[in-house]
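Results of the structural survey
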Amino acid sequence: MSGTVTRTEAVACDRGDLNTGIVHFGVGGFHRSHQQAYTDDLLRQDFHAAKDWCYTGVGVLEWDAKMRDYLKNNNWRYPIVAREGTDERAMDMHVHEVVTLRDMLLSFEDPAAVVRLLAAPSTKIVSLTITEYGYRVPLNEGDHKLLELANQGVLEDPSLSMPESLDASCAKATVFGLILSALAMRHRLGRRPFTVMSCDNLPHNGDVAKKRVINAARDAPEIDESLCQWLEDEVKYPSTMVDRITPATSPQDISDLKEKAGIDDQWPVMCEPYKHWVIEDDFVDGARPAWERVGALLVPDVRPHELMKVRLLNVTHSALCYVGSLAGLTNVHEAVTHKMIKPYLRRLMNEEIAASLRADPTMPEELLAVLDEYTKLVLSRFENVAVKDTLDRVAMDGSEKFRVQGREVIMERLAREGSVRGFALYVASWAHFLRRSVRDGEKIRDASAGLIAAPWDMDKENTGVGTQGLEAFLDIEEVFGVLARHEGWREAVKREFADIDATGLEATLLGAIFGVGHNSNADLSSMGLERSRERASGTFALDETCVVDTHETEEWRADDEAAVFVSLEA
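Predicted, not measured: the structure shown is a model, and the values here were computed from it.

1. Structural notes on the pairing of strand β9 (residues 240-243)
One face of the sheet, then the other: side chains in a regular strand alternate in exactly this way. Of the two faces of β9, the one carrying Thr240 and Val242 and the one carrying Met241 and Asp243 are both buried. Relative to strand β11 (residues 276-280), β9 is paired through four bridges, and the arrangement is antiparallel. Bridge pairing in β11 links Val242 to Trp277.

Here it is as structure tokens:
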């Protein structure tokens, strides 16, 4: 392998001088490549200002022990390996050694210690990368037991630990059970709360985190009204937009790092050079690191930035992974450079996704002015061979991604009678991907795997085209929301699904690229049919049950969100 190798050595310091100011749930690859990178850059720039803003990680799942053990054996240091190139034989590599992760606790080993750390006055921010599903996990018996002990002041005893002093159920405490227990302790002791900062790829992630905290508190008999009001009024929940493509580390990555850079590390985090972070500047008592000094944007409203990024990058990522998989490809860079897939993605991004952003009256002109440039940037980032991001990884948790990232765009487009053919092909490809996985006996890696696999389980004996499985799939309201009842949308997906079966993926992509075939906008005009009588992708209106009166828009959105985050219902 050729290509340049550069290195940013670890900050030379006494680790005893580093203090925890942020506790993070979900220490995976993305957190290590993104938030830690910004904080480590700040430590290099101004050690004395940043040394009290280092991280302690918390794991709540059994497999988090592997990450804890790796980091502990590395003395809590690790390399971020940013790679770039369009030729696998000549990739540039930059290694950034990070020291801002001080340590990591496992809640199932000692939940009381985790609660005490969260309740400590020095903890100013609790940040989260727990995936979309993490916000829908209900409180359990262990959470309620911890809340009871927090109210009694029992958890304040530093000698209290598992398994001797706590009920065994506490070992299964969830992220929000631990957070609520710590906030209850802080409230009881008269301490100021911490900021809860979601760094997950969720639209309005600050609002999602707040709803989860408040609704869980109101459902918990251990929490009284005064604490609920304090959680709503005093705790801050800033939204963030996060971006850095971070694939899973492979054995080959570990080998390449040793061969090219002479670094023998068992779990380096691999990523692209590009990173972006937009943060709503709303923290408890204004206490936060000066991340804006190292490239983050601190703004009063994150929504326009997150909308552009989630729709143009994340939604496109999902669409790409299914068509790429059906084309027999393995990696993202292979799919985005495919002769048919790339023009399909361009059409989807420009004519459907970017069009939805231009139609949004809240989008500022300065962001609308760079939509074309941003679209090109996204596709160029996907072309980075060095990232070696796999389509299988991107396909994980497809149901969560669709309902929180893609579904709203489709509903907006339908409400404005805009084209959704690209989205219909995205969902049809996803359906084919699921059908093939079930028929081949492959594991579906999705938090709702049972739900989305069931339609194809009953259809797997049907070796022909068939529509039984597809009909049942499109019926899943937990995934499709009101789209499950929209006949025009369903017909559009069914036509793309049938096209893939009948003519193959490339011919179907070709039809979508040039707007031809029985699912095109041109069909309706050429046949002279009225929209109200015949619906095709890009021309049909919302069914009567889906029409939204302007004075009911907010209520409709709120009702639909309950299907997205079922545990966040008021």
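2. Considerations on the sheet that holds β9
Reading across from one edge, β9-β11-β12 is the order of the three strands in this open sheet, with mixed pairing throughout. Two strands in the sheet have a free side with no partner beyond their single neighbour: β9 and β12 (297-299). Averaged over all pairs of adjacent strands, the angle between strand axes in this sheet comes to 15°, irrespective of strand direction. Its contacts with the sheet put helix α11 (residues 303-326) on β9, β11 and β12, and the angle it makes with β9 is roughly 35°.

3. Digging into the side chain of Asn205
Along the polypeptide, Asn205 turns up in helix α8 (residues 205-219). The class of Asn205 is buried, set by a relative accessible area of 0%. At 3.0 Å, the side chain of Asn205 forms a polar contact with the backbone oxygen of Asp200. Apart from the residues lying within four places of it in its own chain, the contact partners of Asn205 are Ser198, Cys199, Asp200, Pro238, Ser239, Thr240 and Glu306.

4. Regarding the pattern of salt bridges
Tallied over the entire structure, the rule returns 39 salt bridges. For Arg218, the salt bridge goes to Glu225, with nearest N and O atoms at 3.1 Å. The exposure class of Arg218 is partly exposed, given its relative accessible area of 39%. Given the relative accessible area of 47%, Glu225 is considered partly exposed. In this structure, Glu292 engages Arg288 in a salt bridge whose closest nitrogen and oxygen atoms are separated by 2.8 Å. Look at Glu292 and you get partly exposed, because its relative accessible area is 36%.

The rules behind these values
- Residues numbered from 1 in each chain as written.
- Predicted model: local features only at pLDDT ≥ 70, side-chain atom pairs only at ≥ 80, totals over all residues.
- Heavy atoms only, no water.
- Buried < 20%, exposed > 50% of the residue type's maximum accessible area, 1.4 Å probe, protein only.
- Helix = DSSP H or I, 4+ residues; strand = E, 2+ residues; numbered from the N terminus.
- Pairing = 2+ DSSP bridges.
- Axes fitted to C-alpha atoms, helices over the stretch in contact; angles between N-to-C directions.
- Contact = heavy atoms within 4.5 Å.
- Polar contact = N/O pair within 3.5 Å; in protein donor to acceptor, adjacent residues only side chain to side chain.
- Salt bridge = Lys/Arg side-chain N within 4 Å of Asp/Glu carboxyl O.

All quantities given are derived from atomic positions and should not be read as evidence of function.
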